[in-house]
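Chain residues, written in single-letter form:
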Number of protein chains: 2
Amino acid sequence: MSEMVKVAVDAMGGDHAPGEIVKGAVEAANENARVKVFLVGAENRIQEELKKYSYKPEQVEIVNAAEVIETAEPPVMAIRKKKNSSIVKALQLVKNGECDAFVSAGSTGATLVGGQVIVGRLKGVERPPLAPLIPTEKGAALLIDCGANVDARPSHLVQFAKMGSVYMESVMNVKNPKVAIVNIGAEEEKGNALVKETFPLLKSCPDINFIGSIEARDIPAGHADVIVCEAFVGNVILKLYEGVGGTLIKMVKSGMMTSLRSKIGALLVKPALKETLKAFDLEQYGGAPLLGLKGLVVKTHGSSKAIEIKNSVLQCVTFKEQKINDKIKEKITLRDE
Amino acid sequence: MSEMVKVAVDAMGGDHAPGEIVKGAVEAANENARVKVFLVGAENRIQEELKKYSYKPEQVEIVNAAEVIETAEPPVMAIRKKKNSSIVKALQLVKNGECDAFVSAGSTGATLVGGQVIVGRLKGVERPPLAPLIPTEKGAALLIDCGANVDARPSHLVQFAKMGSVYMESVMNVKNPKVAIVNIGAEEEKGNALVKETFPLLKSCPDINFIGSIEARDIPAGHADVIVCEAFVGNVILKLYEGVGGTLIKMVKSGMMTSLRSKIGALLVKPALKETLKAFDLEQYGGAPLLGLKGLVVKTHGSSKAIEIKNSVLQCVTFKEQKINDKIKEKITLRDE
């Protein structure tokens, strides 16, 4: 039997904590016998929630943490001051090797900063990118970086391309993933200073499948598997995906309610439409990994329910069993010539 | 009677040139007696098209231009070499004061570069931004800059905010337009170096209604009227609007075709849905103005049909009659204290 995968879960983070968090963590343990979850947070509240479920006691452990980092707190300060917070204590478990991974629906800033400061970067990794999966017509693509590391340098983007390729290949089973850099035109001479400097570096990388520039218009069509950009642009892409998607779906719904005729039609199309739009739901993929750390940190949506927490925990199993960090280390330290 | 508004139109630019371009220009002249269009391009081909329509001869003039700048040509070189191209000849008309404005569905690069090089900037304007209108739940918002000027400086963004405010107030009749800067969080301390430097400058501008940062997620919801960003980010926003919108609408359509039940429903919802989605169509607003020039340059979609050309020409009338350039000059040279 293979080794257990130990996942620390921030029981206090997110809009539906601790209820949905505890529920999702228990569900993950019940679904996969190789998972052990460490629920980090207010002991009595977690116990209260755990009473509702049945599970194997050896698969669920509580780690008491008296403090909570709020999403509005400045992250660097919060990590430094709140040593007893669920985020800091959970990250310590990963740092000490007691856990393999950490899943949080809490403060994004604190999770990202804490991941770097407490868990630490893999040797050779300059910046750990946050890399969510986004839906496209052809399945999921990895958007890398959407993190807190704005004003990136070309060498960072090259590492993002490599780490993203490892992830798509090993976790998502995409053979020879197509890597593209976000640009404002398809031609090599287009772009801002960062993209112009990065383009030839990516082109000369022997161990990635670089296909060139991608215009934002072509991202939803699924032209690339690994979409490389610096964090500011990545964040705009991720948030606009949500924004345009949300607004359009709202308009489609209200458009169908404008007449009796369309209301009847709406009843008929609803099930089919729901099924189709599920394929374009950003939240279906669970959390976004922060890649390049000594361990794994997964950030899920603040609004995560049990299903997202469960999927994020199970994602950690694949991540460990596929030895993603070994593969990243190997790819990062490989000399490009 | 007020003076005629003279608009040079690139008869050779765009996917449907010269047919749809000539048609749209004639329609604009027929709709507004104060418009005179100058159709710039291959004389014989324009004449051929003009035969199809009736119009007042004093409102339509042909200016022969033997060359065409293709969209794939490097713009700076094309502007320099092709002196007899429709774009260069039309821009000369604006420079010489023979025309007030220029409308093109042709090469974006050549139109932007030519606008700056041939027509020239208004005194005090550092960079002329390309500013398309984008649809939101609450109507149109101005996205400024989406042009070729990447790697902008804070002072450029402040000017974009001012020029955008003038445009929304005078052309779109939005009283005291709300100005926001695209950012990756709502707090003042968030952002990349450019945004962090620009934020306090915008905050201290006495003559704009600055409401702070806007996350990309909130753009489609219509939280701001003037959305300030540098051109790379603006281009990503504009293109992703198209991309996500296009993909979702395609998926809604195919989702409705999956069963007999939903096909019947689709027939019933179609008219209402079409009407609703029209409100979210990027192309409804016609062309995007390149602001801050001595004259007006309007860039319309390469796929423009007659209706977009007509709307773009008519937009030039409002622009001139509202004395937008005088207002921009006044606002730009106003000292902020």
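Residues numbered from 1 in each chain as written. Chains lettered and ligands numbered in written order. Predicted model: local features only at pLDDT ≥ 70, side-chain atom pairs only at ≥ 80, totals over all residues. Heavy atoms only, no water.

Draft legend 1. Expanded view of the overall build of chain A. Looking only at helices and strands, chain A has 11 helices and 11 strands in total. In terms of overall dimensions, chain A is globule-like: its C-alpha atoms have a radius of gyration of 21 Å, near the 20 Å expected for 337 residues. For chain A, with 337 residues in total, the buried portion stands at 58%. Long-range pairs, those at least 24 residues apart, make up 73% of the contacts in chain A between residues at least 6 apart in sequence. In the form shown here, chain A has an accessible surface area of approximately 13,800 Å², with 51% of it arising from carbon and sulfur atoms. (Helix = DSSP H or I, 4+ residues; strand = E, 2+ residues; numbered from the N terminus. Rg over C-alpha atoms; globule rule 2.2 N^0.38 Å. Buried < 20%, exposed > 50% of the residue type's maximum accessible area, 1.4 Å probe, protein only. Contact = heavy atoms within 4.5 Å. Areas by Shrake-Rupley, 256 points an atom, 1.4 Å probe, with all protein chains shown as cover.)

Draft legend 2. Focus on the pattern of salt bridges. Residue and element names in this part refer to chain B. Tallied over the full model, the rule gives 28 salt bridges over all chains. As a salt-bridge pair, R217 and E215 come within 3.8 Å of each other at their nearest N and O atoms. With a relative accessible area of 15%, E215 lands in the buried category. Across the pair E275 and K278 runs a salt bridge, and its minimum N-O distance is 3.7 Å. Remark: K278 and E275 occur in helix α9 (residues 260-278); sequence separation between them is 3 residues, near one turn of the helix. (Salt bridge = Lys/Arg side-chain N within 4 Å of Asp/Glu carboxyl O.)

Draft legend 3. Representation of the packing of aromatic side chains. Residue and element names in this part refer to chain B. By the definition in use, this model includes 4 aromatic pairs over all chains. A ring pair is formed by Y167 and F319, whose centres lie 6.4 Å apart and whose planes are at 45°; its orientation type is tilted. Remark: F319 occurs in helix α10 (residues 306-321) and Y167 occurs in helix α6 (residues 154-170); sequence separation between them is 152 residues. For the residue pair Y167 and F319, the accessibility class agrees, reading buried in each case. (Phe/Tyr/Trp six-rings, centres within 6.5 Å; stacked < 30°, edge-to-face > 60°.)

Draft legend 4. Region of the structure containing the nonpolar core. Judged by nonpolar contacts, the single largest core of 190 residues is most densely connected at I219(A) and I219(B). Apart from residues no more than four positions distant in its own chain, I219(B) is found in contact with L240(A), I134(B), T136(B), V182(B), I214(B), I227(B), I237(B) and Y241(B). (Core = buried A, V, L, I, M, F, W, Y, C linked by side-chain atoms within 4.5 Å.)

Draft legend 5. A look at the sheet that holds strand β9 (residues 226-228) of chain A. Residues and elements named next belong to chain A. The 5 strands lie next to each other as β5-β6-β9-β7-β8, forming an open sheet whose pairing is mixed. The sheet is open, and its two edges are formed by β5 (133-136) and β8 (209-215), each paired on a single side. Averaged over all neighbouring strand pairs, the angle between strand axes comes to 30°, with direction disregarded. Pairing geometry for strand β7 (residues 178-183) and β8, over 6 bridges, is parallel. Counterpart to A180 in the pairing with β8 is G212. (Pairing = 2+ DSSP bridges. Axes fitted to C-alpha atoms, helices over the stretch in contact; angles between N-to-C directions.)

Draft legend 6. Representation of the confidence of the model for chain A within the structure. For chain A, per-residue confidence averages 92 on the pLDDT scale, and 97% of positions sit at 70 or higher. Here the predicted complex carries an ipTM of 0.89, next to a pTM of 0.91. (pLDDT = per-residue confidence, 0-100.)

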